[in-house]
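The lines below spell out each chain.
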Amino acid sequence: MPSVQLGSLFRLPNGTWAYRYRDATGKRPQVGGFKTKGEASAALGDAIDRMRLGRNYRRSVTLAQLVDEYLAQHIAEENTLRTLRERLKYATDVFGDVPIERLLVNEIAAWRNRLPAKSAWGIHKALRQVLNYAVRARMLDENPAKEVPNPEPKRGEVPVFESWEDVEAVADELRPNERGMILFAAGTGLRPEEWLALERRDVDREAGVVHVRRVYTDGKLRDYGKTDGARRRVPLRGRVLAVLEELPPRIDTPLLFPGERGGYLNLGVWRRKRWKPAFDVAGIAYRTPYALRHTYASWSIAAGVDLFTLARRMGTSIEQIDKTYGHLLPRAEAHERDLLDAFDVRQNEPQAAEK
């Protein structure tokens, strides 16, 4: 690192530190907000190196510093960031003080072999994700974690309800509003955080669709962006429209499925106090609320809905749909054959008429 004599460090009135140096154009940019003099000094050194080396500049950071930087700029839901932090801790606990350019493939491979079997794939994927960022930021030429095999575990059978009767058996053990919420979720495939955020204005009964515009998670409401693939219209089948007509009227809240007091339902508490006991009374094996989304997907495939359309309705990718539900496609083969046979018949009808 070059001497800080090429620039200057000083303390700001608010107690934080800043630096100033003369750049290649003769200007003297000032950067502040550093908690300590040491942090400001290191940043000044980086700035001078960046000016001198240009495209050849390479900032040296430890893995722990890289993880902090990556998480600070990564845009995702809070629950996603929380999972990422938990996974990356496995790496920083072992390699946290190691400069990223000194991470070795053989050491990463040995580390991966010691990870818990059930979560090793996700943990190693998180490390790859962060080191990919380092490559994009030109801190590394290559990602050493990519050289370590990371086979994806075999996907287990996704939990689904076998029939509407099973869904209704559980729903019937809940309060009227909650019953409608469950039947609605099974009939639309929305994520729990999406149906929790629905307002009455999101339902267009005349057009027979529900507009998915926002999510409620970790106690916060967030709108989907106008171009976000998750923002979408989902058709409402007749069964779901009938359920909506039966919902108890509420004038104290705009929410479609509010909690008892009109606010957002606390999913964790509700799942423990209301959802799980309903299975015990109904005599049905327990499934998480997310199984309602899986159920919608499996029934849609069985009904002959193509993966492209299903991906749009569920706000995800075709690849993810195929990975999660592709094994269910054989159940839709007979319906697919019927559709193709009917098409062939229609194609032949004009020719038969001409004869």
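Residues numbered from 1 in each chain as written. Predicted model: local features only at pLDDT ≥ 70, side-chain atom pairs only at ≥ 80, totals over all residues. Heavy atoms only, no water.

**Let's talk about the overall build of the protein chain**
Just so we agree on the cut-off: Each helix corresponds to a stretch of at least 4 residues labelled H or I by DSSP, and each strand to a stretch of at least 2 residues labelled E; elements are numbered beginning at the N terminus. Note on exposure labels: buried denotes an accessible area under 20% of the residue type's maximum, exposed denotes more than 50%, and partly exposed covers the range between, all computed with a 1.4 Å probe on protein chains only. Only heavy atoms enter the contact rule, under which two residues are in contact if any of them lie within 4.5 Å.
Helices and strands together make up the secondary structure of the protein chain, namely 14 helices and eight strands. If one aligns the C-alpha atoms of the protein chain with their principal axes, the spans along those axes are about 85 × 60 × 50 Å. In the protein chain, which comprises 355 residues, the share counted as buried stands at 39%. In the protein chain, of all internal contacts separated by at least 6 residues, the share reaching a separation of at least 24 is 57%.

**So, the packing of aromatic side chains**
Quick reminder of the rule: Stacked, tilted and edge-to-face pairs are distinguished by plane angle, under 30 degrees for stacked and over 60 for edge-to-face with tilted covering the rest, among Phe, Tyr and Trp rings (Trp via its six-membered ring) whose centres lie within 6.5 Å. A ring is considered to have a charge above it if a Lys NZ or an Arg CZ atom is located within 6 Å of its centre and within 35 degrees of its normal.
Taken as a whole, this structure holds 11 aromatic pairs when the rule is applied. Measuring from ring centre to ring centre gives 6.0 Å for Phe95 and Trp111, while their planes differ by 65°; the resulting arrangement is edge-to-face. Taken together, the positions of Phe95 in helix α3 (residues 78–95) and Trp111 in helix α4 (residues 105–113) put the pair 16 residues apart, joining distant regions of the chain. Taken as a pair, Phe95 and Trp111 share a single burial class, namely buried. An aromatic cluster is defined as three or more aromatic residues linked by ring pairs; in this entry it consists of Phe161, Trp270, Trp275, Phe279 and Tyr286. The aromatic ring of Tyr286 is capped on one face by Lys276, whose charged end is 5.6 Å from the ring centroid. Over the ring of Phe161 we find Arg287; its NZ or CZ atom is 4.9 Å from the centre of that ring.

**Focus: the pattern of salt bridges**
Which entries qualify depends on this criterion: Throughout this description, the term salt bridge denotes a Lys or Arg side-chain nitrogen within 4 Å of a carboxyl oxygen of Asp or Glu.
Counted by the stated rule, this structure contains 17 salt bridges. For Lys89, the salt bridge goes to Asp93, with nearest N and O atoms at 3.1 Å. Here Lys89 and its partner Asp93 are both found in helix α3, four residues apart, which amounts to about one turn of the helix. Here Lys89 falls in the partly exposed class, since its relative accessible area comes to 47%. The class of Asp93 is exposed, set by a relative accessible area of 54%. Glu260 is the partner of Arg175 in a salt bridge, and the nearest nitrogen-oxygen pair spans 3.5 Å. Linking Arg175 in the loop between α6 (164–171) and α7 (176–188) with Glu260 in the loop between α9 (238–245) and α10 (267–282), this pair joins segments that are 85 residues apart in sequence. Residue classification places Arg175 among the partly exposed residues on the basis of a relative accessible area of 32%. Members of the salt-bridge network, linked through shared partners, are Arg175, Glu178, Glu260 and Arg274.

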